[in-house]
Amino acid sequence: MKNIVVLLRNYKPYNSAIGICMSNVIDILKKNAHIYVICEKTKINEENREIIEGETVIRFLSRQSYFRKKNENKIESSEGFKKKWYFFMLQMIRFAYNIKFLLSKHSIQTDLADCFFTALESIPDKIDMIVPTCMPVESLMAAHRYCSIHKEVFFLPVLFDKFADNGTLHRFTFNKKLKWKANQSIEYEAFSDIQCRKILYVEAWENYLKQNYPQILKKIVLIEHPLLKPITTDLNVNFEKDRINCVYTGTLTVAGRNPLAALEMIKRLHKINRRIKFHVYGSGDALPIVKRFTSEDRNVFELHGAVSSEKAHAAMKNAQILISIGNEDITQTPSKIFEYMSCGKIIIHIAKKEEDPVLEVLRKYPLSLCFVEKKDKIQQQVEEANDFIVKNLDTHVSYEKIREVFPTALPEYTSNLIISEC
């Protein structure tokens, strides 16, 4: 069997959004190949190497992540002055990293790229193909570097989040402009390499690739987030049976995906429908906002924090309504929406802007209700949401129907493109 190595940020059991996408693809790939997965540790005590469901998972911690996670653990286990001290140290680590990031030539973590490369070199078997994902772009850099040394190996990038043209990665607009050419050089060197056989990309990349890299158009192939598959899990979530349980899963950030408007809508919705309860599963720097609403009314809000993918899936499966919160960066379609649609449940999407690409996706999904954040219309939107919920609470969309509408979002579509090159 061929040996395929997939590089990504976080993987089982604490999958990132891209980790979930690639896990679906890997489930099919491993029927025809031996799969290695190289990723960064989500928690500091995870094993460096283990076999999970027939996949060899190799984990590492970059230097910056190690010190950050170490202090986060100490904050959780400490009280009083020690807790404040470790929190202060965590802020200093973040500050130092941000200064280094802003002063660097490229918007990358060199240490992270080196960790990916070192892990690749540690694999004893002959590698046939490397599948780096973006983000992080550092995985693409490591794959390119490895293949430049081992000429018999080729790589096939899968592009989800943009790098040079990313709306939030560079922290500031001036930093993005300042490093534009340097960051593009990283992309071009990898994309144009003869050992880069094919490039799979989601729609957010399309105009950017065609405008900036016309030389590579013959090797690029458009895909959708490979997330359409039935949600199955043995875990059970004990939601109150007499409540209408609304669930959000994913990352929440103050700058990128702020939950404030969604929380305010749920708060008002509960006033006219007392059965409503909102469960939040996820992580990010906006969780203190969720905690504030939770502390004000625990009968309406419940924060579960960061959980495994399986637990998040269990929550989605047992919910009546799935809540989607739009991104500030509207150049990218969040992968989460395809996972939500797989459940066949009611989806309420709260967009930040009229141009949010999720609005177009959900027009094809019959059980969706979409709003754009507008303070002067929030009460009207809340009443419309309640009417929609009451009318459709017992309605379900079949998985077969969703497959017909979004065939390129099936994991087998992406896996077939990869295996055909191996």
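The structure displayed is predicted, hence computed values, not measured ones.

Looking at the pattern of salt bridges
Summed over the entire model, instances satisfying the criterion amount to 26 salt bridges. For Glu206, the salt bridge identified is with Lys210, shortest N-O distance 3.0 Å. Of this pair, Glu206 and Lys210 both sit in helix 8 (residues 206-212), 4 residues apart, which is roughly one turn of the helix. Residue class for Glu206 comes out buried when judged on its relative accessible area of 18%. Sharing partners across several salt bridges, the network here consists of Lys12, Asp27, Lys30, Glu53, Glu55 and Lys229.

Observations concerning a nonpolar patch on the surface
Residues Phe81, Trp85, Phe88, Met92, Phe95, Ile99 and Leu103 make up a contiguous nonpolar surface patch of about 790 Å² in total accessible area. For Met92, the location among the structural elements is in helix 3 (residues 80-103). For Met92, a relative accessible area of 37% corresponds to the partly exposed category.

A word on helix 14 (residues 378-392)
Taking 1.5 Å of rise per residue, the 15 residues of helix 14 would be expected to cover 21 Å, and the 21 Å separating its terminal C-alpha atoms lies within 8% of that figure. Taken residue by residue, helix 14 has Ile378, Gln381, Val382, Ala385, Asn386, Phe388, Ile389 and Asn392 as its buried positions. Along the axis of helix 14, the buried positions cluster into a sector of 165°, meaning they face one direction only. Among the exposed residues of helix 14, those oriented more than 90 degrees off its buried face are Gln380, Asp387, Val390 and Lys391. On the buried face of helix 14, the contacting elements are strand 10 (244-251), helix 9 (260-272), strand 11 (276-283), strand 13 (321-325), strand 14 (346-351) and strand 15 (368-372).

Section: the sheet that holds strand 14
Read across the sheet, 6 strands follow the order 12-11-10-13-14-15 without closing on themselves; strand pairing throughout is parallel. The open sheet has two free edges, formed respectively by strand 12 (301-305) and strand 15, since each of these has just one partner strand. Averaged over all pairs of adjacent strands, the angle between their axes in this sheet comes to 20°, without regard to strand direction. Inspection of the sheet shows strand 10 paired to strand 11 by 8 bridges, in the parallel sense. Bridging across to strand 11, Asn245 finds its partner in Lys277.

What to know about unusual backbone geometry
Met135 follows Cys134 through a cis peptide bond whose omega is 5°. Within the chain, Glu53 stands out as a residue other than glycine whose phi angle is a positive 50°.

Points about the pairing of strand 13
In terms of burial, strand 13 is a largely internal element, 5 of the 5 residues being buried. On strand 13, burial covers both faces: Ile321, Ile323 and Ile325 on one face and Leu322 and Ser324 on the other are all buried. Both strand 13 and strand 14 contribute to a ladder of 5 bridges, which runs parallel. Following the sheet pairing, Ile323 is matched in strand 14 by Ile348. Tracing the backbone out of strand 13, into helix 12 (residues 336-342) and back to the parallel element strand 14 gives a crossover that is right-handed.

Concerning the packing of helix 2 (residues 63-77) against helix 3
Where helix 2 meets helix 3, the axes come as close as 8 Å, and the angle between the chain directions of the two elements is 160°. Between helix 2 and helix 3, the angle is such that the two are roughly antiparallel. Both helix 2 and helix 3 take part in a crossing whose hand is left-handed. Residues Gln64, Phe67, Arg68, Asn71, Glu72, Lys74, Ile75 and Glu76 of helix 2 pack against Lys83, Tyr86, Phe87, Met89, Leu90, Ile93, Arg94 and Tyr97 of helix 3. Class assignment for the residues of the contact of helix 2 with helix 3 results in 8 nonpolar, 2 polar and 6 charged.

The rules behind the values
- Residues numbered from 1 in each chain as written.
- Predicted model: local features only at pLDDT ≥ 70, side-chain atom pairs only at ≥ 80, totals over all residues.
- Heavy atoms only, no water.
- Salt bridge = Lys/Arg side-chain N within 4 Å of Asp/Glu carboxyl O.
- Helix = DSSP H or I, 4+ residues; strand = E, 2+ residues; numbered from the N terminus.
- Buried < 20%, exposed > 50% of the residue type's maximum accessible area, 1.4 Å probe, protein only.
- Patch = residues over 30% accessible without salt bridge, like charges linked within 9 Å, V, L, I, M, F, W, Y side chains within 5 Å.
- Areas by Shrake-Rupley, 256 points an atom, 1.4 Å probe, with all protein chains shown as cover.
- Expected span 1.5 Å × (residues − 1).
- Arc of directions from axis to C-beta.
- Contact = heavy atoms within 4.5 Å.
- Pairing = 2+ DSSP bridges.
- Axes fitted to C-alpha atoms, helices over the stretch in contact; angles between N-to-C directions.
- Right-handed = clockwise from strand over helix to strand, strands pointing away.
- Parallel < 35°, antiparallel > 145°, perpendicular 65-115°, else oblique.
- Left-handed = near helix turned anticlockwise from the far one by under 90°.
- Nonpolar A, V, L, I, M, F, W, Y, C, P; charged D, E, K, R; others polar.

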